[in-house]
Amino acid sequence: MSNTIHPILIIGAGPAGYTAAIYAARANLQPFLIQGPHPGGQLTVTTDVENYPGFADVIQGPWLMEQMEKQAINVGTKTEFDIVESVDFSQSPKEIKTASGNIYKAHTVIICTGAQAKWLGLPSEEKFRGFGVSGCATCDSFFFKGKKVFVLGGGNTAVEEALFLTNHAAEITLIHRREELRAEKILQKRLLENPKITVRWNTVTEEIIGIEDPFKKVTGIQLKNIKDGSVEKLTADGVFVAIGHSPATEVFKGQIDMDKTGYITVAPGTTRTNIPGVYAAGDVCDAVYRQAVTAAGLGCMAALDATKYLQTENLI
């Protein structure tokens, strides 16, 4: 165990974590960032990024995260590739234990562990993820202008994704394993009345079909009707998996307030959790927008909130 007490310790290395680190470092607070199992977050499995401000041309997600990491380090952030296994927020300073056996102490902690889209678990789905298979219509619908796409799911997320896709795609088919949707009635009404959208009931996806030469892309989808067992292959340009998201908050259970789905709750208009000195930023506390730019904004807010706390408590 180190005797060092970090003014600000950041858990997670996505847009929220790196932005929090940049702001904390520029305030000369020597932030310490634990990168976690997937440095860079969801953008590292995203190919073309066209909606992050400041870039006239399409950029690559992994490249953007590399630049964020370099910027954070260049302004004074210390990073460590490690995985948090447990935390103790009941005392001050807070304690964070990692898989490597280290115990870190900090006056403030910013949680930026993000959320992961839930996937079907098909090998073909993983093979074409980022090449026609997506978990975010808001992020990727622009690339399917005039195309034929499928949306998998039956809750609010799926219906909202399908409706958003009508802004670009020519034809949207919603695939749902049941005979009725779980989404809110007003969303169902909008979906069922939209001429661009059709629904395939009692249907599951068996395989995503695609090619890898001359370049990787989705070309179709194999569906199975669970009522009669019939199997059908249809052409497709894209598949959007919309069966929900899971926030990476398991390690914080019992230490901090969360909603029933596991998202960390923060005070309205802030990044403050119910524990003084502990903040949350990015998708880990945002079940609505889930965008890189909003995560970065929340990371900025968290660094400023943590700085104000350190000043108020005379810890810096």
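Residues numbered from 1 in each chain as written. Predicted model: local features only at pLDDT ≥ 70, side-chain atom pairs only at ≥ 80, totals over all residues. Heavy atoms only, no water.

## Here we look at the overall build of the chain
The helix and strand tally for the chain stands at seven helices and 19 strands. Radius of gyration (C-alpha) of the chain: 21 Å, near the 20 Å computed for a compact globule of 316 residues. Dimensions along the principal axes, computed over C-alpha positions, put the chain at roughly 65 × 40 × 35 Å. By the burial criterion, 48% of the 316 residues in the chain qualify as buried. In the chain, 60% of the contacts between residues at least 6 apart in sequence involve partners at least 24 apart. Counting only carbon and sulfur atoms, one obtains 49% of the accessible surface of the chain, whose full area is about 15,400 Å². (Helix = DSSP H or I, 4+ residues; strand = E, 2+ residues; numbered from the N terminus. Rg over C-alpha atoms; globule rule 2.2 N^0.38 Å. Buried < 20%, exposed > 50% of the residue type's maximum accessible area, 1.4 Å probe, protein only. Contact = heavy atoms within 4.5 Å. Areas by Shrake-Rupley, 256 points an atom, 1.4 Å probe, with all protein chains shown as cover.)

## A word on the pairing of strand β12 (residues 171–175)
Taking burial as the measure, the five residues of β12 include four buried ones, the bulk of the element. Looking at chain direction, strand β11 (residues 148–152) and β12 are connected through five bridges and run parallel. In the strand pairing of β12, Lys148 is matched with Glu171. The handedness of the β11 to β12 crossover, carried by helix α5 (residues 156–165), is right-handed. Inspection of the sheet shows β12 paired to strand β13 (residues 197–200) by four bridges, in the parallel sense. Looking at the pairing, Ile172 lines up with Ile197 of β13. (Pairing = 2+ DSSP bridges. Right-handed = clockwise from strand over helix to strand, strands pointing away.)

## Regarding the state of the cysteines
Considering all chains together, one arrives at one disulfide under this definition. The partner cysteine of Cys136 in its disulfide is Cys139, sulfur to sulfur 2.2 Å. Judged by the sign of its S-S torsion, about 75°, the cystine formed by Cys136 and Cys139 is right-handed. Judged by its relative accessible area of 15%, Cys136 is buried. Classification of Cys139 by relative accessible area gives partly exposed; the value is 27%. Unpaired in terms of disulfides, Cys112 finds its nearest cysteine sulfur in Cys285, a separation of 8.2 Å. Judged by its relative accessible area of 6%, Cys112 falls in the buried class. For Cys300, which is in no disulfide, the shortest distance to another cysteine sulfur is to Cys112 and amounts to 12 Å. (Disulfide = S-S within 2.5 Å.)

## Let's talk about the pattern of salt bridges
Close approach of charged atoms lets side chains of opposite charge pair. Considering all chains together, one arrives at five salt bridges under this definition. The residue Arg200 makes a salt bridge to Glu232 at a minimum N-O spacing of 2.6 Å. Residue Arg200 is located in strand β13, and its partner Glu232 is located in strand β16 (residues 231–235); the two are separated by 32 residues in the primary sequence. With a closest N to O distance of 3.1 Å, Lys253 and Glu250 form a salt bridge. (Salt bridge = Lys/Arg side-chain N within 4 Å of Asp/Glu carboxyl O.)

## Concerning the side chain of Ser134
Topologically, Ser134 is positioned in strand β10 (residues 133–134). Classification of Ser134 by relative accessible area gives buried; the value is 6%. Here Cys136 takes part through its backbone nitrogen, which lies 3.0 Å from a polar atom of the side chain of Ser134. A polar atom in the side chain of Ser134 sits 2.6 Å from the side chain of Asp140. Residues contacting Ser134, with those up to four places away along its chain left out, are Trp119, Asp140, Val239, Phe240 and Val241. (Polar contact = N/O pair within 3.5 Å; in protein donor to acceptor, adjacent residues only side chain to side chain.)

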